[in-house]
2 protein chains.
Amino acid sequence: MGTVRSASNRLPDDAAGKAAPIGRTAVVGSGARTVRASSPLEGGARGGRSAAEVVKINDVAREAGVSAATVSRTLNGRSSVDPVLAARVREAASRLGYRPNGVARSLRRQVTDVLALIITDVSNPFFTAITRGVEDVAQSRGLSVLLCNSDEDPGKESTYLHVAEQEQVAGVILSPHRAGSDVAHLRRASIPMVVIDRPLDEPVDSVMVRSREGARAATNHLIDAGWTRPACITGPGDAWTAQERLEGYLEAVREHGELDELWVHAPFRQQGGMSGAARLLDAPDPPDALFVANAQMALGVLEEARRRGLRVGVDLGVITFDDAPWTSFVSPPMSVVAQPAYDIGAQAAQLLMERVKGTAPEAPRHLWLSTMLIVRESSRRHGPG
Amino acid sequence: MGTVRSASNRLPDDAAGKAAPIGRTAVVGSGARTVRASSPLEGGARGGRSAAEVVKINDVAREAGVSAATVSRTLNGRSSVDPVLAARVREAASRLGYRPNGVARSLRRQVTDVLALIITDVSNPFFTAITRGVEDVAQSRGLSVLLCNSDEDPGKESTYLHVAEQEQVAGVILSPHRAGSDVAHLRRASIPMVVIDRPLDEPVDSVMVRSREGARAATNHLIDAGWTRPACITGPGDAWTAQERLEGYLEAVREHGELDELWVHAPFRQQGGMSGAARLLDAPDPPDALFVANAQMALGVLEEARRRGLRVGVDLGVITFDDAPWTSFVSPPMSVVAQPAYDIGAQAAQLLMERVKGTAPEAPRHLWLSTMLIVRESSRRHGPG
DNA sequence: ATGAAAGCGCTAACAG
DNA sequence: CTGTTAGCGCTTTCAT
C-alpha cells in the first residue's frame, strides 16, 4: 500500500517499576511536610521571594487587610463591596498571584462551571463535529467542556459517568452506549443531562436524528439508481443507530417487493466495514450495492472493494451515513446521508443550559433533526468499461 | 458538489431568556432548603423510600455502627480494618447506595485520579490518534482522561489550563499553542506536565516529532520524482510545527540549488489548504508540486486542484504530513509523511505517569520520534494524458 | 484496629 | 458593607 522509507520509534519500559504510588509532592528530603506560614512574623509573601507555596484566600485577606469573606465577595462579584477595599483586594490578589482553589469552591457551591460531553468515538468526525457545536454554545455561556471518550465500552462509559458525578460537573451530554446505560447516579446527584444520537430508557432531554428516514432514502436512492441487490452494512446489533439504519434499509427494500434483504452487523470502524463487505460479497448471491451505516465503515468498504478489484459506481454502488470531510475526494466521490452533527451538539448544549439554569420545563424534551441526502458518484450506476 | 434532496433543521432561540443563574436544585417551592435527616428518630433510609437525598459518609457510618473514619478506611483500603466491620461497612454502603463525593475527597487529598489532555484540534485525526495513546496507558494505570479542545485559541487554552489547575488534575498533557503559553500556574500548583508536538519555553518533559526531517524527506522525494518547482503550504507562522516543516522544505530546496523557494502560511484547516494552494497557483510562475503541512490542509489542496482542473500526480504533485485514514482512498492515493501519533500519546502518558508517581528524575526528559515517508501516487510524476 | 477531631480552601448565613 | 462563624464531605493524624 505504498513504499515505506524509514521508521524508528520505541516504547520504553515502565521505568517506574512497581513502586507504590506516591503523592504529587516531589520526594526530596525526609518525611517532614512543608510548614505553612502561620506566625504573624512571616508577614506574607512580600517582595520577590518566589516561594512555591500556594496562596490562599486568607493570605490575600491578610495582605489586603480585610476578611476572607470580602476577598471572596470581591473576586466573585456576587455582592457589592466598597470600591476602595475591592481595589485593595484585587491588588493584593494579583500581587500575590492568588488563584482560587476550584475544588474547595466546588465543594462549597456544589457545582462547577464545567460540563462533560461523553461520546463513543473521538476519532469519528461525526462526534467531533458534535463537539464543536457543544463547545460553541457552552463557551458563549462561560462554561468549559470536558470531552470523554467512552469508545463504545460500557466500562469506560460508566467510569466517565462516575467522574462527571464525582467532579460535580454542571451537566452532562451523553451519547449512551446502550439504551440501558446506567445514569441513576447522575440523576440522584441531580446533575442535569441531555442524551444525544441514541435514546436512553430514562425520561431525559434528547436530541436525535431521524436515522431511519435517512437510511430509507439512501436505500431508495440506490434502487432508483438501478442497483438490483442493495445490501446494508450496519453497526453492532446493540447500537440503536445501527438498528434504525437497518430498519430504514429494510423498509425501503420491502416497499419494492421482490428484493432480498441482505445485511450484516459490524463494529462502527473501518475494520468493521471491511469485514462486513467481505462477508456480504462472499455470499453465494452477492449484493451489487451497499448502504453503509457510517463513514469510517465506508472507508473499510472502499478498501475491501479495492482488494477485490471491484469498481465503485460500476461494479458496486455505495452510499454511506455521515458526510465526513473526505467524502467528496475519494474516487469516485461518495454519496452520503449527512447528519446535522454540529446542530446536534449545539441543540443539546442549549437544552442542557436551560436545565442548568433551571429555566427548563420539568418534562423532558425530545428534538429530532433530519438528515440530508447528498448524491455524488459512488451510488450512481455507471455502465461498465 | 452533489444533489441535495432535503433538509430541515432549526436552532431554537434561547428559551431561557436572561434570568439570573440559579443553582442546580430545581426551583419548586419557596426558598426553604431541604432539611437533612439529623434526628435519631429518622433511623436511616430504610426500606424503599427512594429519597433524592444524597448519602454521605456519615450516613454509612451510622448505618454500619462505626465511625466515618472506618468507613473511609474500608472503602479506600489504605489501612487495615477488622474484616467484620469492613463487611458491615460495605454492606451498608451498597444498601444505601453510597457514592463518595469526589470533590470533597480531592479537597482533602489534593489530587484527582484524572488527567487532562489539552489539544489544539479535536477534528484533526492526528490528535485523536494521540488521544488514544494517552487513554490506553492512562487507563492501564487507573486514571481517566479529560480531553480539552483548545482549538488553536490562546484564550481557550488558558481557560483549560485554568480548569485543569482548578480541578486539581493529577497531571496535564499539553499541545501548546505557542512556545510562550503560560503554564506558570500549573507549575506553581506543582501539577506535573508533559508537552507534546510543540516545544514550550519551560523545562518540562516533552515528546516531539522530527518534523523538519520528515519535511525535508518529503520535499526531496518530490524533487527526486521529477517535479521541478516544489512549493510548501505550511501552517500559521506562530506554530512551531509549521515553521519546522517549512524549514525542512527549505533545507531540501537549498540542497538542490537552482530551485526557487516558494511557500505560504495558512491555518491548519481544509480552508487554509485551499487558500494556500490558490495563492501559490495564482503566482506568475506557479509551482508544479506541493508539500502540505497537514492532512486537513491537503483536503483543501485537493479541492482547489479540482476547482482548477489540475490533475494531481500529473499536473501537480502533492505530498502531505499525516497519514489520515482517508489518504489511500483519494484519487490518486496520497503520499504522506506519517507521524507516530499513537506513540506520541502513549509516550507522553508514560512520562507523565512517572512524574505523577514521583519516580521520574528531576530533569526534564525530551523524546524525539521519527516520521515515516509513505509514497503512494499523488507525489509521483505521471506523464500527462 | 478504631474513634475523635482537625482541617483541606472556600462561600454563604447571619449579625453587626 | 463587612467580619465572624459555620460548614461543604471527606481523609488523616493522634490518641486510645
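Remember, predicted model here, so these are calculated numbers, not experimental data. (Residues numbered from 1 in each chain as written. Chains lettered and ligands numbered in written order. Predicted model: local features only at pLDDT ≥ 70, side-chain atom pairs only at ≥ 80, totals over all residues. Heavy atoms only, no water.)

(A) Quick look at the pattern of salt bridges. Overall, the coordinates contain 56 salt bridges over all chains when judged by the stated rule. Residue A:Glu251 pairs with A:Arg212 through a salt bridge whose shortest N-O separation is 3.1 Å. Here A:Glu251, found in helix α9 (residues 240-255), pairs with A:Arg212, found in helix α8 (residues 211-224); they are 39 residues apart in sequence, far enough to count as distant. Since its relative accessible area comes to 26%, A:Glu251 is described here as partly exposed. Its salt-bridge partner being A:Arg376, residue A:Asp323 comes within 3.2 Å of it at the nearest N-O pair. Residue A:Asp323 is found in the loop between β10 (317-321) and β11 (335-338), and its partner A:Arg376 is found in the segment after β13 (372-375); the two are separated by 53 residues along the sequence. Assessed through its relative accessible area of 35%, A:Asp323 is described here as partly exposed. Accessibility expressed as a relative area gives 7% for A:Arg376, which makes it buried. Taken together, the salt bridges that share partners define one network made up of A:Asp121, A:Asp151, A:Lys156, A:Arg269 and B:Arg132. (Salt bridge = Lys/Arg side-chain N within 4 Å of Asp/Glu carboxyl O. Helix = DSSP H or I, 4+ residues; strand = E, 2+ residues; numbered from the N terminus. Buried < 20%, exposed > 50% of the residue type's maximum accessible area, 1.4 Å probe, protein only.)

(B) The arrangement of the nonpolar core in detail. In this structure, A:Val172, A:Ile173, A:Val207, B:Val172, B:Ile173 and B:Val207 are the most contacted members of the largest nonpolar core, which totals 100 residues. Aside from chain neighbours lying at most four places away, what touches B:Val172 is B:Ala116, B:Ile118, B:Ala164, B:Leu186, B:Ile191, B:Pro192, B:Met193, B:Val194 and B:Leu352. (Core = buried A, V, L, I, M, F, W, Y, C linked by side-chain atoms within 4.5 Å. Contact = heavy atoms within 4.5 Å.)

(C) Examining the protein's contact with DNA strand D more closely. Around DNA strand D, the structure places 27 residues, and the nearest of them are A:Thr70, A:Ser80, A:Asp82, B:Ile57 and B:Arg108. The share of sugar and phosphate among atoms of DNA strand D within 4 Å of the protein is 66%. A distance of 2.6 Å separates a phosphate oxygen of DNA strand D from a polar atom in the side chain of B:Tyr98. A distance of 2.9 Å separates a phosphate oxygen of DNA strand D from a polar side-chain atom of B:Arg105. Residue assignment for the surface near DNA strand D shows that the elements contributing at least two residues are α2 (68-76) and α4 (102-109) of chain A together with α2 (68-76) and α4 (102-109) of chain B. Broken down by class, the residue content of the surface near DNA strand D amounts to ten nonpolar, seven polar and ten charged. (Near = heavy atom within 4 Å. Polar contact = N/O pair within 3.5 Å; in protein donor to acceptor, adjacent residues only side chain to side chain. Nonpolar A, V, L, I, M, F, W, Y, C, P; charged D, E, K, R; others polar.)

(D) Focus on the protein's contact with DNA strand C. Near DNA strand C there are 27 residues, and of these A:Ile57, A:Tyr98, A:Arg108, B:Thr70 and B:Asp82 occur at the shortest range. The sugar-phosphate backbone supplies 70% of the atoms of DNA strand C found within 4 Å of the protein. Within the backbone of A:Ile57, one N or O atom sits 2.4 Å away from a phosphate oxygen of DNA strand C. Between DNA strand C and B:Gln110 there is a distance of 3.4 Å, counted from a sugar or linking oxygen to a side-chain nitrogen or oxygen. Sorting the residues of the surface near DNA strand C by element identifies α2 and α4 of chain A together with α2 and α4 of chain B as the ones contributing at least two each. Tallied by class, the residues present in the surface near DNA strand C amount to ten nonpolar, seven polar and ten charged.

(E) Seen up close, the side chain of B:Glu165. In this structure, B:Glu165 sits in helix α6 (residues 154-166). Here the side chain of B:Glu165 touches A:Arg99 through a polar contact of 2.4 Å, side chain to side chain.

(F) Here's a closer look at the domain arrangement of chain A. On domain assignment, one finds that chain A holds domain 1 (4-36 + 110-202), domain 2 (51-106) and domain 3 (211-339 + 372-379). Between the C-alpha centres of domain 2 of chain A and domain 3 of chain A the distance comes to 60 Å. (Domains from an automatic or database assignment.)

(G) Seen up close, the pairing of strand β12 (residues 366-369) of chain B. Residue and element names in this part refer to chain B. Alternating residues of β12 divide into Leu367 and Leu369, all buried, and His366 and Trp368, none buried. Direction of pairing for strand β6 (residues 205-209) relative to β12: parallel, over a ladder of four bridges. Bridging from a neighbouring strand, methionine 208 pairs with tryptophan 368 of β12. (Pairing = 2+ DSSP bridges.)

(H) Region of interest: the packing of helix α8 (residues 211-224) of chain B against helix α9 (residues 240-255) of chain B. Residues and elements named next belong to chain B. One can describe the packing of α8 onto α9 by two numbers: an axis separation of 7 Å at closest approach and a directional angle of 40°. As summarised for this structure, α8 and α9 are arranged oblique, according to the angle between their axes. By crossing handedness, the relation of α8 to α9 is classed as right-handed. Contacts between α8 and α9 involve Ser211, Arg212, Ala215, Arg216, Thr219, Asn220 and Ile223 from the first element and Glu244, Arg245, Glu247, Gly248, Tyr249, Glu251, Ala252, Val253 and Glu255 from the second. For the contact of α8 with α9, the class distribution of residues is five nonpolar, four polar and seven charged. (Axes fitted to C-alpha atoms, helices over the stretch in contact; angles between N-to-C directions. Parallel < 35°, antiparallel > 145°, perpendicular 65-115°, else oblique. Left-handed = near helix turned anticlockwise from the far one by under 90°.)

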